[in-house]
Amino acid sequence: MTDIPTSYQRINADMITKFKGQYVTLVGKLIQNKGDYVEFMVDGTIVKVTEIEEVPESNEDILLEIRGKLNDDGYLEAKEFTELDQTFDFELYKKVINMVQGQFRELFYD
């Protein structure tokens, strides 16, 4: 049976080490395509993303929500991604994630 998650926990860069080996969602900006992987900026931290298909190209910043599995090295093995609008508010998103993973965690996760 394949390992297909029912949900991906939303985290920010400060939480990466805590969630290694788990399925997560990260939101950030695509920095550079390196061939085997892409560099993805999450809260000022560069995360290497592997197994991402059809990397979008644009003259503007490429903002993405990437869902995948964090491996033990901190690389994100992408399963799927969604391109976000240029007006995405990263500061507000970070505040929401801190609440979701903190004081209101029981409302969102088992």
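An account of the accompanying structure is given in this report. Because the structure is a prediction, the values reported are computed rather than measured. (Residues numbered from 1 in each chain as written. Predicted model: local features only at pLDDT ≥ 70, side-chain atom pairs only at ≥ 80, totals over all residues. Heavy atoms only, no water.)

### Some details on the pattern of salt bridges
Formally: For this analysis, a salt bridge means a side-chain nitrogen from Lys or Arg found within 4 Å of a carboxyl oxygen belonging to Asp or Glu. What counts as a helix is a DSSP run of H or I of at least four residues, what counts as a strand is a run of E of at least two, and both are numbered from the N terminus. Burial classes: relative accessible area under 20% of the type maximum marks a residue as buried, over 50% as exposed, and values in between as partly exposed (1.4 Å probe, protein chains only).
Counted by the stated rule, this structure contains four salt bridges. A salt bridge links Arg10 to Glu65, with the shortest nitrogen-to-oxygen separation between them at 2.6 Å. One end of the pair, Arg10, is in strand β1 (residues 9-10); the other, Glu65, is in strand β5 (residues 62-70), and 55 residues separate them in sequence. Salt-bridge contacts for Glu80 lead to Arg67; the nearest nitrogen and oxygen are separated by 2.8 Å. Of this pair, Glu80 sits in strand β6 (residues 76-84) while Arg67 sits in strand β5, placing them 13 residues apart in sequence. The class of Arg67 is buried, set by a relative accessible area of 12%.

### With respect to the nonpolar core
How we decide: Working definition of a nonpolar core: buried Ala, Val, Leu, Ile, Met, Phe, Trp, Tyr and Cys residues. They are joined through side-chain atoms within 4.5 Å. The contact definition used throughout considers only heavy atoms, calling two residues in contact when any of these lie within 4.5 Å.
By size, the foremost hydrophobic cluster in this structure holds 25 residues, and its most contacted members are Ile11, Leu26, Val49, Ile66 and Leu76. Only β2 (23-33), β3 (37-42), β4 (45-50), β5, β6 and α1 (90-100) provide two or more residues apiece to this core. With five residues, β5 is the single largest residue contributor to this core. Among residues more than four places away in sequence, those in contact with Leu76 are Val24, Leu26, Val47, Lys48, Val49, Thr50, Ile66, Gly68, Lys69 and Leu70.

### Let's talk about α1
The test is simple: The directions from the helix axis to the C-beta atoms are what the arc is built from.
Turning to α1, its buried residues are Tyr93, Ile97 and Val100. Within α1, the buried residues cover an arc of 60° as seen down the axis, which keeps them to one side. The outward face of α1, more than 90 degrees from its buried face, is lined by the exposed residues Glu91 and Lys95. Of the surrounding secondary structure, the elements contacted by the buried residues of α1 are β1, β2 and α2 (105-108).

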